[in-house]
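# Coordinates in review
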Amino acid sequence: MLYCGNLLLLGVVVGTAAVAANPSPFYAALGLVTVAAMGCGFIMCSGGTFLCLILFLIYLGGMLVVFAYSVALCADPFPTGLAEGSVAKYMAGYLLLTGGAAQCTTLAPPFWWSVGQEADMSAMQGEAEGVSEAYGGGGIILISCAWALLVALYVALEVSRGSSRGPVRPIK
Amino acid sequence: MSPYVLVLLLFTLGLGTTLAFVSSHWLLAWVGLEINTLAILPLMVRNHHPRAVEAATKYFLIQAGGAAVLLFAGVTNAWLTGQWGIQQATSPIFIGVISIALALKLGLAPLHSWMPEVFQGLDLNTGLVLATWQKLAPLALLFQIQPANSPLLIFLGLASTLIGGWGGLNQTQLRKILAYSSIAQLGWVVLVVQFSPSLATLAVLVYIVAAAATFIILKLVKSTNINMLAVSWAKSPALVAMAPLVFLSLAGLPPLTGFMPKWLIIEELSKQGLGPAATLAVLTALLSLYYYLRITYAMTLTMFPNNFSGVPPWRLRPLQLTFPLACLVTGTISVLPLTPAAIALVAL
């Protein structure tokens, strides 16, 4: 279990380095998928099953999908991948930096924290209660967040209007 | 831009500010601020010019950074104290972090560097929205956090008046001058917000009326730098004759309206025992007076040599509504005698 959590955290760090090192948004989004999946696994090992489900559904299935096709509107026809030298050396640099920082600090691994309040012990879990509260007592925040998401879609489409003829376009 | 999308974006702008005004929870306030940031981006890139896109990118990064710091501070406060109320925040560290986040969103010195560049990349209408409407939501939050005895806010205020005055001296582009003027005016607001939020409200209202008047005047005479101001008298002589009064009202000269907030703020600072701060604020206002005078000189007080094609053009009916401009210019020039009524209104 400890080994599994360690592997997942390693995946999070490598994925974050990949996101930071990539000039192309496609491969950076791939790194984000890796980070989210590994992080989700780690959260699950710490007891937050509902949170991990929400992370997959909303973050990966909602926001990252919208991000990917918004990026595709002003796409780079020949994106720079991870295997190219310029990107690989940055990624190696970031991993060395984080490894060095990890050696210098002695933090206890947070494997004994549990996500949520006794998440697997009671019938009423905090996170699920929060979601139902958002639909009930939190009416205006639900409507305004949904409206903000819709407007974000319109904003992305307006800003990238014109694809290869507009100002937001790939230039090599 | 499609009119449906335009209406949607303007409605969302209104919704964001309204949410920030009505909320007593940090999360809802953050949602309102982010909605404002999102909705103005397509308005900034409406003409799809690379300079406008650059300005929109800079604006987005700055505002998103400020909103992120605000969110983190709110979450940390909830973690430490267990409650999310905006007006129940009392820890001075928390108030300091929130003040810095809001200063970044407002463009107060020393977090002001983005303002001139963003204003320069926009057309005057979008600059008007940025200088007036977008300031309301962060100011509403700043007024509510009830800072008490905070030297940070005095520092932000004095630095803003100083840098707003000093930085505008070397500018010939009018949009950058208006950006520095916005920095200086908001510096006055932040100086007094911890002593008298009603005076700060008055200062904000007078600034919004005056700034709106200046942006609309410049739009009507189609001038974006001082050279273009030199031939603006021919486009609309009556307007250009009244424009100096609007600019000098921004500078805070009596008997114009702009004197009212400055006078009351100096009085309040003196009552609080901050005489040196009041003196410094007045002295730095002299710096901004200089560039307002330069604009006045180029626009109205001097007739530059011109060739025959500079002869007055056909003055056709303007496509823009001028009634709002008439109200704003009247408010900017002649409301000083109503000072007691204004004080009574904002003290409610």
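Residues numbered from 1 in each chain as written. Chains lettered and ligands numbered in written order. Predicted model: local features only at pLDDT ≥ 70, side-chain atom pairs only at ≥ 80, totals over all residues. Heavy atoms only, no water.

Residues and elements named next belong to chain A. Per the UniProt entry, the sites bearing "transmembrane region" (unreviewed entry) are residues 27-45, 50-72, 92-113 and 134-157 in this numbering. Summarising residues 50-72: 100% helix, 0% strand, and an end-to-end C-alpha distance of 31 Å. Overall, residues 134-157 shows 88% helix and 0% strand. The separation of its end C-alpha atoms is 28 Å. (UniProt positions renumbered as here; feature names shortened; annotations may be inferred. Helix = DSSP H or I, 4+ residues; strand = E, 2+ residues; numbered from the N terminus.)

In this section: the pattern of salt bridges. Evaluation of the coordinates by the stated rule reveals 4 salt bridges over all chains. For the salt bridge of Glu158(A) with Arg161(A), the shortest nitrogen-to-oxygen distance reads 2.6 Å. Overall, the relative accessible area of 6% leaves Glu158(A) in the buried class. For Arg161(A), a relative accessible area of 43% puts it in the partly exposed group. With its nearest N and O atoms 3.7 Å apart, the salt bridge here joins Glu267(B) to Lys271(B). Taken together, the residues span about one helical turn, with Glu267(B) and Lys271(B) both in helix α12 (residues 259-271) at a distance of 4 residues. Judged by relative accessible area, which is 37%, Glu267(B) ranks as partly exposed. (Salt bridge = Lys/Arg side-chain N within 4 Å of Asp/Glu carboxyl O. Buried < 20%, exposed > 50% of the residue type's maximum accessible area, 1.4 Å probe, protein only.)

Attention now moves to helix α11 (residues 237-251) of chain B. Residue and element names in this part refer to chain B. Its 15 residues place the ends of α11 22 Å apart at the C-alpha level, agreeing with the 21 Å of an ideal helix rising 1.5 Å per residue. Where α11 bends most, at Ala243, the angle is about 30°, and the proline Pro244 comes one to four residues later. Among all positions in α11, only Leu239, Val240, Ala243, Pro244, Val246, Phe247, Leu248, Ser249, Leu250 and Ala251 are buried. (Expected span 1.5 Å × (residues − 1). Bend = angle between axes of the 7 residues up to and from the residue.)

All names here are of chain B. When the UniProt feature table is mapped onto this chain, "transmembrane region" (unreviewed entry) is found at residues 59-80, 92-112, 151-170, 177-196, 202-221, 233-253, 273-293 and 325-347. End C-alpha atoms of residues 202-221 are separated by 29 Å, and the span's content is 95% helix alongside 0% strand. The span residues 325-347 is 78% helix and 0% strand, and its two end C-alpha atoms sit 27 Å from each other.

Right, let's talk about the environment of Ala243(B) for a bit. Residue and element names in this part refer to chain B. By the element assignment, Ala243 lies in helix α11. By relative accessible area, Ala243 is classed as buried at 0%. Each C-alpha atom, one on Ala243 and one on Ala347, is 31 Å from the other, the two residues being 104 residues apart in sequence. Beyond its immediate chain neighbours, meaning those up to four positions away, Ala243 contacts Ile217 and Met299. (Contact = heavy atoms within 4.5 Å.)

What follows deals with the side chain of Ser249(B). All names here are of chain B. Residue placement: Ser249 occurs in helix α11. Ser249 sits in the buried class, given a relative accessible area of 2%. Those residues in contact with Ser249 that sit more than four places away from it in its chain are Leu256, Thr257, Gly258, Phe259 and Thr332.

Here the focus is a nonpolar patch on the surface. Residue and element names in this part refer to chain A. Together, Leu53, Ile54, Leu57, Ile58 and Met63 make up a nonpolar patch on the protein surface, roughly 450 Å² of accessible area in all. Tracing the backbone through its elements, the reader meets Met63 in helix α3 (residues 49-73). On the basis of relative accessibility, which here comes to 46%, the residue Met63 falls in the partly exposed class. (Patch = residues over 30% accessible without salt bridge, like charges linked within 9 Å, V, L, I, M, F, W, Y side chains within 5 Å. Areas by Shrake-Rupley, 256 points an atom, 1.4 Å probe, with all protein chains shown as cover.)

Right, let's talk about the environment of Ala28(A) for a bit. One can find Ala28(A) in helix α2 (residues 25-45). Excluding residues that lie within four positions of it along the chain, Ala28(A) makes contacts with Val19(A) and Asn22(A).

The next thing to look at is empty space enclosed by the protein. Residues and elements named next belong to chain B. Under the defined criterion, the tally for this structure stands at 3 cavities of 30 Å³ or more. Each pocket or cavity is described by its volume, and for the largest cavity that value is around 90 Å³. Taken together, Gln185, Trp188, Ala203, Val206, Tyr207, Ala210, Ser249, Leu250, Gly258, Pro261, Lys262 and Ile265 make up the full set of residues lining the largest cavity. Mapped by element, the contributors of at least two residues to the lining of the largest cavity are α8 (174-192), α9 (197-220), α11 and α12. Ranked by the residues each element gives to the lining of the largest cavity, the list is headed by α9, at 4 residues. Split by residue class, the lining of the largest cavity holds 8 nonpolar, 3 polar and 1 charged. Roughly 40 Å³ of internal volume is contained in the second largest cavity. If you go around the second largest cavity, the residues you meet are Leu33, Asn36, Thr37, Tyr59, Gln63, Lys105, Gln134, Ala137 and Pro138. Looking at the lining of the second largest cavity, the elements that each hand over two or more residues are α2 (26-44), α3 (50-81) and α6 (124-144). (1 Å grid on protein atoms, 1.4 Å probe; cavity = no way out; pocket = protein on both sides within 12 Å on 5 of 7 lines; lining within 4 Å. Points joined across faces, edges and corners; volume = space filled by probe spheres on them. Nonpolar A, V, L, I, M, F, W, Y, C, P; charged D, E, K, R; others polar.)

Take the side chain of Ser24(A) next. Residues and elements named next belong to chain A. Structurally, Ser24 is set in the loop between α1 (2-21) and α2. Take Ser24: its relative accessible area is 2%, and that puts it in the buried class. With sequence-adjacent residues up to four places away left out, Ser24 is seen in contact with Pro79 and Thr80.

In this assembly, 15 residues from chain A lie in contact with 18 residues from chain B. Of the roughly 1,500 Å² buried between chain A and chain B, counting both surfaces, carbon and sulfur atoms make up 87%. At the boundary of chain A with chain B, the tally comes to 0 salt bridges. Inspection of the chain A/chain B interface yields 1 residue pair in polar contact (both at pLDDT 80 or more). When the residues that make up the side of chain A that touches chain B are grouped by side-chain class, the tally is 12 nonpolar, 1 polar and 2 charged. (Buried area = accessible area lost by both parts, 1.4 Å probe. Polar contact = N/O pair within 3.5 Å; in protein donor to acceptor, adjacent residues only side chain to side chain.)

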